[in-house]
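# Topology and contacts: notes
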Amino acid sequence: MRLLIKSLRDIKQSTGQFIAFVLIIAVGAFFYAGLTTLSEHLGAYTKVYFQEHNLSDLNVYYSQISDQDVDGLSELKGINKIEGRYTLDATQDFKDSQASLRIHTIPPNPEINTPTMIEGKFPSGANEILIDSHYAKEHQLQVGDPIHVSTGEKKWTFTVSGLGENVEYAKKNSTQDHKNYGVAYIAEKAIPVIADGFYYNELLIDAQEGYNLGQLGQSIEEKSKGLPYLNQISKERTFSYTQLQQTIHNNKMMSKVIPLVFFIIEAMILFLTMSRIIDSQRTQVGIMKALGVKNRNILLHYMEYPVLAGILGSLLGVVLASVVFIPLIAASNARAYSLPGITFTLSWFSVIPPILFSSAFGILSCYLSGRVILHERASQLMRPKPPKKMTKPLLIERIPGLWNRISYSYKLIFRNIFLNKPKALASSVGVVASTVLLITAFGTQTALQKVAAQVEEVNTYDLRVDYTRGAAPDPSWLPAGIKNSYDLSTFPVEFIKGDDRENATLVVTEKENRLIRFFDENDTPIALEDHGVVVPKSYAEHYRIAEGDVIRMKFTAPELADKTVDMKVLHISNQYSYPSFYVTPTYLKSLGIDFRPTSLLVEANNATDLLSVRNFFEQEQQVDTIADKNDLKKSAQYIMKQNSFIFIMFIICAAVLSFGAIYTISSINIYERNRELATLKVLGYPQRKINRLIFLENILLTTFAAIVALPIGGYMYTIVVKALSSTHQQIPDQLHPVAMLTAVMVAFVLTLLANLLLRRKVSRIHMMESLKSVE
């Protein structure tokens, strides 16, 4: 009981140090609890969500297909369920804007891609429509409201029967734009009204569990001979599913990497701090031994300190994660995806790993430090350690004339550092670890900015016009006002390397196309050529591909019958967002594959012509979607918004960790030097000079730590980038000098702040108590 009272008294006497200790542990617990909750809940929710609402395994497209033909296809082996629907793209006009609306028909009792009803009911009449709830909220639409939609010259009026969300549109587009893009569903009764006859143009396939989708797709294509078949796409290649799976993968990596980095740095700081605390209380250990306290109890007494700090810090971190992190990730997830009913509830079991981790390292450090001291006799421990003597002059003293020119204060600083090299090194280790963390945090944030900036840097076109399935751009009917235009097509492919296979995208465009730019790892522009492929760096690093290698690809589009080709690698290209393989039409034709343009990139003469060109394409029925520079800017801004909040918190937590380390270690330094500082006071040294003496030493140690941290921070940043990167996402692996400079400046600012807060501790040194002999 008395030892417990002593522990509480020790904490009270060094409250600031204990609080800094608790904050260090709280930072790790904060990120562990928050990121683990995000990763586990998002992965578990989507798995159940896709199963409950039966996300289609395969979407097959036709110009038109009848009920009888659908029944014939349903008999194919591997098909569990099949549903037909009619899909069209319409527009809805508002006072000052226009929105695109993708409309699907829905059967009376849907079994595939079933919507989640938010309000109202399914459409039953030919004039009823179900609107996605986010689009309805943006345009203040409610159940019972009429809406007017049109496609070219055709116009229809529907009544909103309900609001809902559909599993196939968890992610609508790259910026999740609900204002300009919406999804709606109408009853099958409306097909004759909008299509001038009853037929479908899309099939939803629910495959039997475990059945090969590639084989099923070939069977459907064979069965569709004689039908106006267009193409098909599996769920693994749909935009929504791909983006969601990539996010889940990245979150899982972050939930492992970031907390691990924090815990490792915490462990280092805890180990150093506890070792110094026990060493600084040698006299008290000697008194306890003299009073008959067993060595085991003394060790347990000092172990109470890290265990108590671990419990309080972990609880504080988890509470902060519940109050700050969880609401932020919930809001971010709501902006990024449409996942009705998803909640992020923090499990209080997540407090256990941080407690165990911090307590284990605290206990270990107490044991390793305490067992050495406890082997000494009580009489030896109660005597202060004799001051160390310098057997050799300092290197700086050997330089003729230099030592005499250095002021007395700096001589004291240099001699104290070199007399206590292990302590100085231990103090620097905590600052090094914290500075490395700051470098990693600022570097990652700078990398995100570079990712966002490249979206506009690479894509310099004014408009990208995507055509409906089966349609292709015709240069003969392009309007006036266009300065440059280039065809483009996208093929789904499977990248093959040995036994590894991975879905990828192959983009085909002319080598003269300057509206899409490519850069190598040194940001030097590179160009397309007619005798090879440009490979994204994300694939090149993962599969160890070099220029001059030959890679294999299989075209998975059914119309190409799984044709496999070998391609020569010409260049490796930095592609941070949506990495794809690029070839020219000439090279593709040399491989025996025809080029069918599906998109058009347009550069207008000026802003006036751009408006008229856009109006022209908006009137064309063959045009599916139109994207412009504003869409690119939104995409870049969206990347920053969706990722920056985590790294802003990462930077804040890194700063807290850095400050805690500097404050804790500096506080112990002052405690250990009480006798020396009291001697200076007695000799008439003014308070400001004593402060300067201590704080200049801290600045020198921080300078040394920053120099050491720079190469280590660069290496740590590389590890984090590799952990967060994948074939579908590249993060710049070159650390920007501005990020390193900013991190070092923050480390110095935190050192100055810690120095200011420690001034009071120096002024409260009791001269008589510090200088009197042990009685």
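Before going into details, it helps to say that this report is about the structure given with it. (Residues numbered from 1 in each chain as written. Predicted model: local features only at pLDDT ≥ 70, side-chain atom pairs only at ≥ 80, totals over all residues. Heavy atoms only, no water.)

### Here we look at the overall build of the protein
Convention followed: The way it works is that DSSP assigns letters per residue, a run of H or I at least four long becomes a helix, a run of E at least two long becomes a strand, and they are numbered from the N terminus. Exposure categories follow from relative accessible area, calculated using a 1.4 Å probe and restricted to protein chains: below 20% of the type maximum is buried, above 50% is exposed, and the middle band is partly exposed. Note on contacts: a residue pair qualifies if any of its non-hydrogen atoms lie within 4.5 Å across the two residues. Only the protein chains shown count as cover for residues, with accessible areas throughout obtained via the Shrake-Rupley method and a probe of 1.4 Å. We score Asp and Glu as negative and Lys and Arg as positive, and we do not count His or the chain ends. Here the site of a charge means NZ on Lys, CZ on Arg, CG on Asp, or CD on Glu.
Looking only at helices and strands, one finds 22 helices and 22 strands in the protein. The C-alpha extent of the protein, read off along each of the three principal axes, is 105 × 60 × 55 Å. Residue burial in the protein is summarised as follows: out of 775 residues, 53% are buried. Of the contacts made within the protein by residues no fewer than 6 positions apart, 82% connect residues no fewer than 24 positions apart. Approximately 36600 Å² of the protein is accessible, and the part contributed by carbon and sulfur atoms is 56%. Once the 77 positive and 72 negative side-chain charges of the protein are each reduced to a mean point, those two points are 21 Å apart.

### Side note on the packing of aromatic side chains
We apply this condition: Each Phe, Tyr or Trp ring, with Trp reduced to its six-membered ring, pairs with another whose centre is within 6.5 Å; inter-plane angles below 30 degrees give stacked pairs, above 60 give edge-to-face pairs, and intermediate values give tilted ones. A ring is considered to have a charge above it if a Lys NZ or an Arg CZ atom is located within 6 Å of its centre and within 35 degrees of its normal.
Under the defined criterion, the tally for this structure stands at 19 aromatic pairs. Relative to F31, the ring of F30 has its centre 5.5 Å away and its plane inclined at 85°; by these criteria the two rings are edge-to-face. Sitting over the face of the ring of Y337, K171 holds its NZ or CZ atom 5.0 Å from the ring centroid.

### Some words on a nonpolar patch on the surface
The following threshold applies: Residues enter a patch when their relative accessible area is above 30% and they make no salt bridge; the linking distance is 9 Å between like charges and 5 Å between nonpolar side chains (Val, Leu, Ile, Met, Phe, Trp, Tyr). By salt bridge we mean one thing: a side-chain nitrogen of Lys or Arg within 4 Å of a carboxyl oxygen of Asp or Glu.
Taken together, the side chains of I19, L23, L316, V319, L320, V323, V324, L328, W348, I648, I652 and V656 make up a nonpolar region of the molecular surface, amounting to roughly 960 Å² of accessible area. Mapped by element, the contributors of at least two residues to the nonpolar patch are helix 2 (15-52), helix 9 (295-336) and helix 18 (629-672). Examining the composition of the nonpolar patch, we find that six residues originate from one element, helix 9, more than from any other. Relative to the elements of secondary structure, V319 occurs in helix 9.

### Regarding the packing of helix 9 against helix 10 (residues 352-374)
Short version of the rule: With axes taken as lines fitted to C-alpha atoms, and helix axes fitted only over the stretch in contact, angles between N-to-C directions fall between 0 and 180 degrees. Note that the term roughly parallel is reserved for angles under 35 degrees, roughly antiparallel for angles over 145, roughly perpendicular for angles of 65 to 115, and oblique for everything else. Crossings are assigned a handedness: left-handed for a near helix turned anticlockwise from the far helix by less than a right angle, right-handed for a clockwise turn. Residue polarity follows a fixed list, in which Ala, Val, Leu, Ile, Met, Phe, Trp, Tyr, Cys and Pro are nonpolar, Asp, Glu, Lys and Arg are charged, and the others, Gly among them, are polar.
Contact geometry of helix 9 with helix 10 gives a least axis separation of 8 Å together with a crossing angle of 155°. By the angle between their axes, helix 9 is roughly antiparallel relative to helix 10. Crossing of helix 9 against helix 10: the hand is right-handed. Of helix 10, the residues touching helix 9 (which contributes N295, I298, L299, Y302, M303, P306, V307, G310, I311 and S314) are P354, I355, S358, S359, G362, I363, C366, Y367, G370 and L374. Here the contact of helix 9 with helix 10 is built from residues that sort into 13 nonpolar, seven polar and no charged.

### A closer look at the pattern of salt bridges
Scanning all chains against the criterion turns up 16 salt bridges. We note a salt bridge from D57 to K235, for which the minimum N-O separation is 3.5 Å. Of the two residues, D57 sits in the loop between helix 2 and strand 1 (58-65) while K235 sits in the loop between strand 11 (229-234) and helix 7 (239-280), which places them 178 residues apart along the sequence. Residue K235 is classed as buried on the basis of its relative accessible area, which comes to 18%. Note that D196 is salt-bridged to K154, the shortest N-O span being 3.1 Å.

### So, the packing of helix 7 against helix 10
Helix 10 packs onto helix 7 with a crossing angle of 35° between their chain directions and a minimal axis gap of 8 Å. For the crossing formed where helix 7 meets helix 10, the hand is right-handed. Contact residues: F263, A267, L270, F271, M274, S275, I278 and D279 in helix 7; P354, F357, S358, F361, G362, L364, S365, C366, L368, S369, G370 and I373 in helix 10. In terms of residue class, the contact of helix 7 with helix 10 is built from 13 nonpolar, six polar and one charged.

### Quick look at unusual backbone geometry
With a phi close to 55°, Q140 is a non-glycine residue in the positive phi region. You can see Q140 is positioned in the loop between helix 4 (133-138) and strand 7 (146-151). Judged by relative accessible area, which is 68%, Q140 ranks as exposed. The phi dihedral of D523 falls on the positive side, at around 60°, and the residue is not glycine.

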